[in-house]
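Letter by letter, the chains look like this.
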Amino acid sequence: MYSLIVAHETRTLAKTPSLLWILLLLTAAIAFGAWASSSVFERQSQGATAISNYENGMRTKMHDDLAKYEEKVKASGGKMEFAAVNHAPGEGPPQATNAGAVGSETESFAVLPPTGLAALSIGQSDLNLNYIPVSMKNIIDATKDNEIENPVNLKAGSFDIAFVIIFLLPIFIMAMSYDLLSSEKERGTLAMVMSHPISLRKLMASKLVSRIAILLAVVIAFGVGAVMAVGSELNQAETWARFGFWLGATVLYSIFWFALAVLVNAAGKSSATNGIVLAGSWLAFVVVIPTIVSVVTSTLYPAPSRLDFIAASREAQTAAEFERMKALDQYYYDHLELVPGGEDKANDFLTLSLANNASIEKAIKPLYDEFQNQLNRQEDAVTKFQFVSPAIMMQLAMNEVAGTSADRYENFMKQVFKFHAQWGEFFTGRFLKRDPLTTEEWKQIPTFKYVEEPFSDVLARLMPSLLGLLVVVAALTAFAFSSLRKYRVAAR
Amino acid sequence: MAEASLSRVTPPSMVGVVARKEFTEIIRDGRFKWTAIIMVMLLLTALATGWQKYTAYSEVQAAAQGETNHQWLKQGDKNPHSAAHYGNYAFKQAGPLSFFDNGIEPYTGNLLFMEAHKQNLAISRPANDSSAVSRFGDLNGAMILQVLMPLLIIFLGFTAFSGEKERGTLRQLLSMGVNQRDLLWGKAIGIGGAALLAIVPCIVLGALVLSMLQISHTADNFAARVGLMALIYTGYGLVFLFLTLGVSALSSSPRTSLIALVGFWAFSVFMVPKSAAEISKAVYPSPSWGEFQATMRADQVRGLDGVPTAAKLGKYVRELMKQYNVDSPTKLPLYFPAVRMQKLEEFDHEVFDHHYNGLRDTYMAQRRLQDAFGIMDPLMSLKSLSMGLSGSDLLHHDRYTRSAEEHRRMMVSKMNGYLSKAAVDLNGVSSSSNYMTADEAVFSIVPSFSYTPPTLEEVTKEYGSAFAILAAWVLASIVFAAAAVGRVRKVSA
């Protein structure tokens, strides 16, 4: 009986033209989402490459000058000299011999590579700059820059696969199931079916099985297809582990909406009323509650004002200048080529300016940390509030799976700060000792390589969302099926 | 059907009768009460938080601008060119109606560093300082009217005809000789009135907020902006009202009309805006930060016209020497380093203009293409209009960034100009070792930064086509509803 109904339902569904349309729309949306999000990351990686190439090119030019100079010195049997910092080209040893010039006037870009599954969810990665310029200059300054994109598009948000799953999939599910029982009741076929030896719950379960099977087959097939098409690092087990969690979350989320439809149907109202209630719930869970959570968390933990931050960092800058520099020095530190009285003095100004930078950085680092802490508190609050809506749980889970979560970005920024310190250490020592840089030493210039966080960390952050979904879905399904008991099969 | 029999007694006032019947039926419905209460609560919360954010931001913005202006003057005695390096910040004003519709403001920088040699991008985007959940959308008045209001109208009206059809009362009504045009307008007025019930308290509160904010003094044509805003949202509501009635008249049962209408709502509120954004990105690609910076930095060195900046500068110096009839730049009656820096600054202007204007034009082209999607989605037109009138759109942001750049150029050239003359006066000769300091009196020749946001006329010019499209939607939906209701008789007859 059970399999008979499943088979019957599946056959009927297969012949419903509206289902075909739903599946067609769904697959088109997944394909569009995969294309759109992969182009976001492609654009970002092009940007990272372009600016890295530009800055690396500058350094390569310096290196070539250095190599030529080294050759010349070797040929003449002399000693390598240390160049003065000079913004204008001139005679004498090349700028590349001056570690201060190389370290402060060229940038090295620290790049956060997208994970293999980044296309599954863009998260905040369209806002954050995923490649940070690092030099001896103040690192806080470098963190001010944002990835640029038309604000109109940022407001509209990305049409990524997460959007398809979180926003669109429930609509399709509701369209398939808002009249699970009500339509049979309205047509009068329900009483007929129920005269057979089958319980209402079994009937419902078999109706659901056919629907879930069809829908998930499509989602899984196209999900795998999308990953194959736009994903990367497909030979790594971790990628597929992440994808496994994505699938699990998607299945749970789908069941949530099916169970909600069962619950609404169990109330025994008309198809139209079911439709209203489901559309209203969708609006509440997917739109209204998340925006309220956003308002609540940002009211509880408002980000400190950037405007205040700027005023404060200017204060620090003025103070540092007053402390270290005479009025005129400032001018030369901006334009070293104009320094009168010999080349040694130019280096003194660079020394000063580096010291200045360091003290400004020291003064504003606490402010910067306050920003990060507040943002973390906001994120923590969202982690707690996520359980009020499956859509929020889903979004957080997908950002984790895709590696576009705030935590991964923070981890990246920590590595950037470390790299900045490394970079500074390498060049400052050599500069202060007025040690001419050699091509041999050049090979040791630090480079940035992002170290992916351990998968266990990702899992630890992923678990609350997944477990939350699991609990909510299990509870809702149990409740929905138990409320079927009170369902009146025949109209009074 | 007491109303129907009543109509036989007083035939001319059918519209009123139908309207009264619809209205009473809706407001007696418990579901309506709850929906309306939720909507009012949400709108009130949205307006309250919007108002709070607006006042908080405006206060901080004014204070921060005042403080950095003060810091500019009190930066300490230094060379004027160094003062230009120290620079100043330009802070963005909040749009006059941004407490209602904050538009793209969370996604645009609200401060811009103005310094010598460099045109900077506006930084500090509120969205960057928010958690990922903020991307679900902002809770503000505009969002509620754009997203929730249409759904409310659909819920109130989807049974208007299809329900009567199912119950068989429609045939009855028509057989009594009720004019179907009266029926349409009566139902429209009744349902529209009920929907207004949920919105009017908020309009009252909005008006209260407006009078408290006192922004009317600063914004151009403030009253007209508010009036136009009310007009476009009414138009948007009417589109959904008549679409609902039309679809309801065409549908055989309430459930089909509901499915069709909710489908259209989801399509227009969620699918089209995002799809349009993605498509516009593909049609008019805009550079990422890295590409933008890399090409701009390269162009600064090699020149837009292929003549390297160094060569251009050499030519300029030779001309200058010829003009003053001297054989060395140091013999010029000007402080040469300052003249040189100013000239380099001007060479850069071309490069900056090329890249920054290019970026702006691409963004505008993307937005206009998205506006064109208004043909299939009235929300696209409404959104642009609403943001424009609120002063939270691209046009307003562009005015801010452009004004900041104008101010920057003025600041730098004033400082370089002062240096080029004052330094040479210092001891009668021009040499690079000829340095000088300036004080507050010199820094004060640069006026404080301020700018005038676009006027209402500029806004209406930019969004004229969006307005036309929205108006066309209103007309088309009325025609559609009339035609659909007209078909009812044929079917029933």
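Here the structure is shown first, and the text comes after it.
Residues numbered from 1 in each chain as written. Chains lettered and ligands numbered in written order. Predicted model: local features only at pLDDT ≥ 70, side-chain atom pairs only at ≥ 80, totals over all residues.

**Examining the overall build of chain A**
Phase 1: Assigned secondary structure in chain A consists of 18 helices and 2 strands.
Phase 2: By the compact-globule yardstick of 23 Å for 492 residues, chain A is too spread out, its C-alpha radius of gyration being 31 Å.
Phase 3: When contacts within chain A are restricted to residue pairs at least 6 apart in sequence, those whose partners lie at least 24 apart make up 84%. (Helix = DSSP H or I, 4+ residues; strand = E, 2+ residues; numbered from the N terminus. Rg over C-alpha atoms; globule rule 2.2 N^0.38 Å. Contact = placed C-beta atoms within 7 Å.)

**What about the nonpolar core?**
All names here are of chain A.
Phase 1: Counting 192 residues, the largest nonpolar core has A249 and A261 as its most contacted members.
Phase 2: The element best represented in this core is helix 10 (residues 237-266), accounting for 16 residues.
Phase 3: Not counting residues up to four positions away in its chain, the partners in contact with A261 are M174, S177, Y178, L180 and L278.
Phase 4: Grouped together as the second largest cluster of nonpolar side chains are 44 residues, A84, A96, F109 and F448 included. (Core = buried A, V, L, I, M, F, W, Y, C linked by C-beta atoms within 7 Å. Buried ≥ 20, exposed ≤ 12 C-beta atoms within 10 Å, placed from the backbone.)

**Quick word on the pairing of strand 1 (residues 108-111) of chain A**
Successive side chains on a regular strand alternate, one facing one side of the sheet and the next facing the other.
Residue and element names in this part refer to chain A.
Phase 1: Burial along strand 1 is two-sided: the face carrying S108 and A110 and the face carrying F109 and V111 are both buried.
Phase 2: Strand direction decides the pairing type here: strand 1 and strand 2 (residues 131-134), joined by 4 bridges, are antiparallel. Each residue of the ladder has a partner; that of S108, found in strand 2, is V134. (Pairing = 2+ DSSP bridges.)

**Quick word on unusual backbone geometry**
Residue and element names in this part refer to chain B.
Phase 1: One non-glycine residue, S124, lies in positive phi territory at about 70°.
Phase 2: Locating S124 in the fold gives a position in the loop between strand 2 (111-114) and helix 5 (141-157).
Phase 3: Given 22 C-beta atoms within a 10 Å radius, S124 is considered buried.
Phase 4: At N325, a position not held by glycine, the phi torsion is positive, near 55°.
Phase 5: Tracing the chain through its elements places N325 in the loop between helix 12 (309-324) and helix 13 (336-372).
Phase 6: On the basis of neighbour counts, which here come to 7 C-beta atoms within 10 Å, the residue N325 falls in the exposed class.

**What to know about the interface of chain B and chain A**
Phase 1: In this assembly, 77 residues from chain B lie in contact with 79 residues from chain A.
Phase 2: Taken together, the elements giving at least two residues each to the side of chain B that touches chain A come down to helix 3 (30-73), helix 4 (80-86), strand 1 (88-91), helix 5, helix 10 (254-283), helix 11 (289-302), helix 13 and helix 15 (394-427) of chain B.
Phase 3: Considering each element in turn, the side of chain B that touches chain A owes the most residues, 13 residues, to helix 10 of chain B.
Phase 4: Its residues placed into classes, the side of chain B that touches chain A shows 34 nonpolar, 29 polar and 14 charged. (Nonpolar A, V, L, I, M, F, W, Y, C, P; charged D, E, K, R; others polar.)

**Brief notes about the packing of helix 10 of chain B against helix 13 of chain B**
Residue and element names in this part refer to chain B.
Phase 1: Put simply, helix 10 and helix 13 touch, their axes get as near as 9 Å, and they point 135° apart. Between helix 10 and helix 13, the crossing angle belongs to the class labelled oblique. Relative to helix 13, the crossing made by helix 10 is right-handed. Seen from helix 10, the contacting residues are A276, A277, S280, K281 and V283; seen from helix 13, they are Q366, L369 and Q370. (Axes fitted to C-alpha atoms, helices over the stretch in contact; angles between N-to-C directions. Parallel < 35°, antiparallel > 145°, perpendicular 65-115°, else oblique. Left-handed = near helix turned anticlockwise from the far one by under 90°.)

Coordinates in, geometry out; function isn't part of it.
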